[in-house]
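Below are the chains, spelled out letter by letter.
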Amino acid sequence: MTRYGDGLAVVTVTYSPGETLDGFLSTLSGATTRPVSVVLADNGSTDGVPERAASESDHVTFLPTGGNLGYGAAANRGVASLSDDYGWVVVANPDLSWAPGSLDVLLEAAKRWPRGGAFGPLIREPNGAVYPSARQLPSLGRGLGHAVFAKVWPGNPWTREYRQEKASIQERTAGWLSGSCLLLRREAFDSVDGFDPRYFMYFEDVDLGDRIGRAGWLNVYVPEAEVVHIGGHSTARASTRMLAAHHSSAYRYLADRHQGPLWAPLRLAVQAGLGLRLKLVTRRG
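Residues numbered from 1 in each chain as written. Predicted model: local features only at pLDDT ≥ 70, side-chain atom pairs only at ≥ 80, totals over all residues. Heavy atoms only, no water.

S.K.: Looking at this structure, how should I read the overall build of the protein chain?
M.R.: Looking only at helices and strands, the protein chain features ten helices and twelve strands. Evaluated residue by residue, the protein chain yields a buried proportion of 48% over its 285 residues. Within the protein chain, contacts between residues separated by at least 24 positions form 79% of all contacts whose residues are at least 6 apart in sequence. Per element, the accessible surface of the protein chain, about 13500 Å² overall, is 55% carbon and sulfur. (Helix = DSSP H or I, 4+ residues; strand = E, 2+ residues; numbered from the N terminus. Buried < 20%, exposed > 50% of the residue type's maximum accessible area, 1.4 Å probe, protein only. Contact = heavy atoms within 4.5 Å. Areas by Shrake-Rupley, 256 points an atom, 1.4 Å probe, with all protein chains shown as cover.)

Printed below as a string of structure tokens:
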């Protein structure tokens, strides 16, 4: 097992991030008093912003991945590029704004949770609303109930249990944490071989949280640390491609956990149901 140092690095996956990257980097400087190295794992940006950011700062590295690999695979490349000096890695979207001291608060929490493998802050929408970023794992019943009823009956019990929106805002463990901002103990990240690259987008964080838990680590929600997610979650309309990727990833997650011939009828039913849901959602959109 690799023994890592106590260094801190931030890996963010870029894909023509525009002006949001400037806000990410400028607020990051006030999020921690520690030295921090930043890796821009770039999936084929065409706006020149990541290259410019790296050229203007000695602690920012531009790392082209060679194509649009998806979020998890690019994040893996970024983490793998780091030396063994870095035992703490943040994986975050480039459209975040960091509250002052927020990263230091996450690092302090890590001292209180020696078996903590992933730590997530409280995430706010641009309008100040709290995004439910610390959730239960989508078991078969909970996940399907949420998928079927969330749009037509937002207050259904399966969605409430899954999203944990009514849970008290306090430091606690969770089934999984939003991948838009995660502090990862690198030892824990290594123990599960990082993100599963089969997930191009969506559910890579759900899958990671599940596997971290199965490996004996904890996913810890730390709401005293705050960030604002400018894009992503607050996007009003998702493209057809994004919706298709979301449904495909949802099927992969459930199918991976219900393998073998006995589960084949269920997998077919889930696949058909998600396909129908995608058509309805796309048509409604």
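S.K.: Mind showing me how you'd approach the pairing of strand β4 (residues 86–92) here?
M.R.: Successive residues of a regular strand alternate their side chains across the two faces of the sheet. For β4, the buried fraction is high: seven of the seven residues fall into the buried class. Across six bridges, strand β1 (residues 7–14) lies against β4 in parallel orientation. Counted as the bridge partner of Val11 is Val91 from β4. The pairing of β4 with strand β11 (residues 181–185) spans five bridges and is antiparallel. The residue bridging Val90 from the neighbouring strand is Leu183, located in β11. (Pairing = 2+ DSSP bridges.)

S.K.: What's the story with the pattern of salt bridges in this structure? I'm lost.
M.R.: Proximity of charged atoms lets side chains of opposite charge pair with each other. As enumerated under the stated definition, the model contains twelve salt bridges in all. Where Asp256 meets Arg198, a salt bridge forms, and the shortest distance between an N and an O atom there is 2.4 Å. Of the two residues, Asp256 is situated in helix α9 (residues 240–256) and Arg198 in the loop between α7 (186–191) and α8 (204–214); the sequence distance between them amounts to 58 residues. Using a relative accessible area of 42% as the deciding quantity, one classes Arg198 as partly exposed. In this structure, Arg211 and Asp207 form a salt bridge, with 2.8 Å as the shortest nitrogen-oxygen distance. A residue pair is termed a helical-turn pair when its members lie 3 or 4 positions apart in one helix, as Arg211 and Asp207 do in helix α8 at four residues. Asp207 matches Arg211 in its accessibility class, with the two residues each being buried. Salt bridges sharing common partners tie together Asp207, Asp210, Arg211, Arg214 and Arg257. (Salt bridge = Lys/Arg side-chain N within 4 Å of Asp/Glu carboxyl O.)

S.K.: How should the pairing of β11 be read in this particular structure?
M.R.: Across the five residues that make up β11, a large majority, five, are buried. Neither face of β11 is left uncovered, since the one carrying Cys181, Leu183 and Arg185 and the one carrying Leu182 and Leu184 both have all their residues buried. Across two bridges, strand β6 (residues 116–124) lies against β11 in antiparallel orientation. Counterpart to Phe119 in the pairing with β11 is Leu183.

S.K.: I would appreciate a short explanation of the packing of aromatic side chains in the present structure.
M.R.: The geometry of two aromatic rings is summed up by the distance between their centres and the angle between their planes. Considering all chains together, one arrives at four aromatic pairs under this definition. Ring geometry for Phe24 versus Trp98: centroids 5.9 Å apart, planes at 65 degrees, classification edge-to-face. A residue pair is termed long-range when its members are at least 10 positions apart, and Phe24 in helix α1 (residues 20–28) and Trp98 in strand β5 (residues 96–98) qualify at 74 residues. On the basis of relative accessible area, Phe24 is assigned to the buried category, the value being 0%. In this structure Trp98 comes out as buried when scored by relative accessible area, which is 4%. (Phe/Tyr/Trp six-rings, centres within 6.5 Å; stacked < 30°, edge-to-face > 60°.)

S.K.: In this structure, what is going on with the environment of Gly23? I would like to understand it.
M.R.: You can see Gly23 is positioned in helix α1. Residue class for Gly23 comes out partly exposed when judged on its relative accessible area of 27%. Spatially, the C-alpha atoms of Gly23 and Ile230 are 10.0 Å apart, while their sequence positions differ by 207 residues.

S.K.: What is the right way to look at the nonpolar core in this model?
M.R.: Looking at soluble globular proteins, one finds that nonpolar side chains tend to be buried together. Core analysis: the largest hydrophobic core is formed by 33 residues, its most contacted members being Phe24, Trp98, Leu103 and Phe119. Those residues in contact with Trp98 that lie beyond four places of it in its chain are Phe24, Thr27, Leu28, Ala31, Val90, Ala92, Leu103, Cys181, Glu226 and Val227. Core analysis: the next-biggest nonpolar cluster, separate from the first, contains 28 residues, Val39, Ala74, Leu82 and Phe189 among them. (Core = buried A, V, L, I, M, F, W, Y, C linked by side-chain atoms within 4.5 Å.)

S.K.: Any chance you could explain the side chain of Asn219 here in plain terms?
M.R.: Mapped onto the fold, Asn219 is located in strand β12 (residues 218–229). Here the side chain of Asn219 touches Gly175 through a polar contact of 3.3 Å, landing on its backbone oxygen. Of note is the side chain of Asn219, whose polar atom sits 3.0 Å from the backbone oxygen of Gly209. (Polar contact = N/O pair within 3.5 Å; in protein donor to acceptor, adjacent residues only side chain to side chain.)

S.K.: Would you mind going over unusual backbone geometry with me for this structure?
M.R.: The phi angle of most residues is negative, glycine excepted, and most peptide bonds adopt the trans form. The phi dihedral of Asp193 falls on the positive side, at around 60 degrees, and the residue is not glycine. Within the secondary structure, Asp193 sits in the loop between α7 and α8. Despite not being glycine, Tyr202 shows a phi value in the positive range, around 75 degrees. Its place among the elements puts Tyr202 in the loop between α7 and α8.

S.K.: Any chance you could explain a negative patch on the surface here in plain terms?
M.R.: A cluster of acidic side chains, namely Asp84, Asp85, Glu187, Asp190 and Asp193, defines a negative patch on the protein surface. Turning to its location among the elements, Glu187 is positioned in helix α7. (Patch = residues over 30% accessible without salt bridge, like charges linked within 9 Å, V, L, I, M, F, W, Y side chains within 5 Å. Lys, Arg positive; Asp, Glu negative; His and termini not counted. Charge placed at Lys NZ, Arg CZ, Asp CG, Glu CD.)

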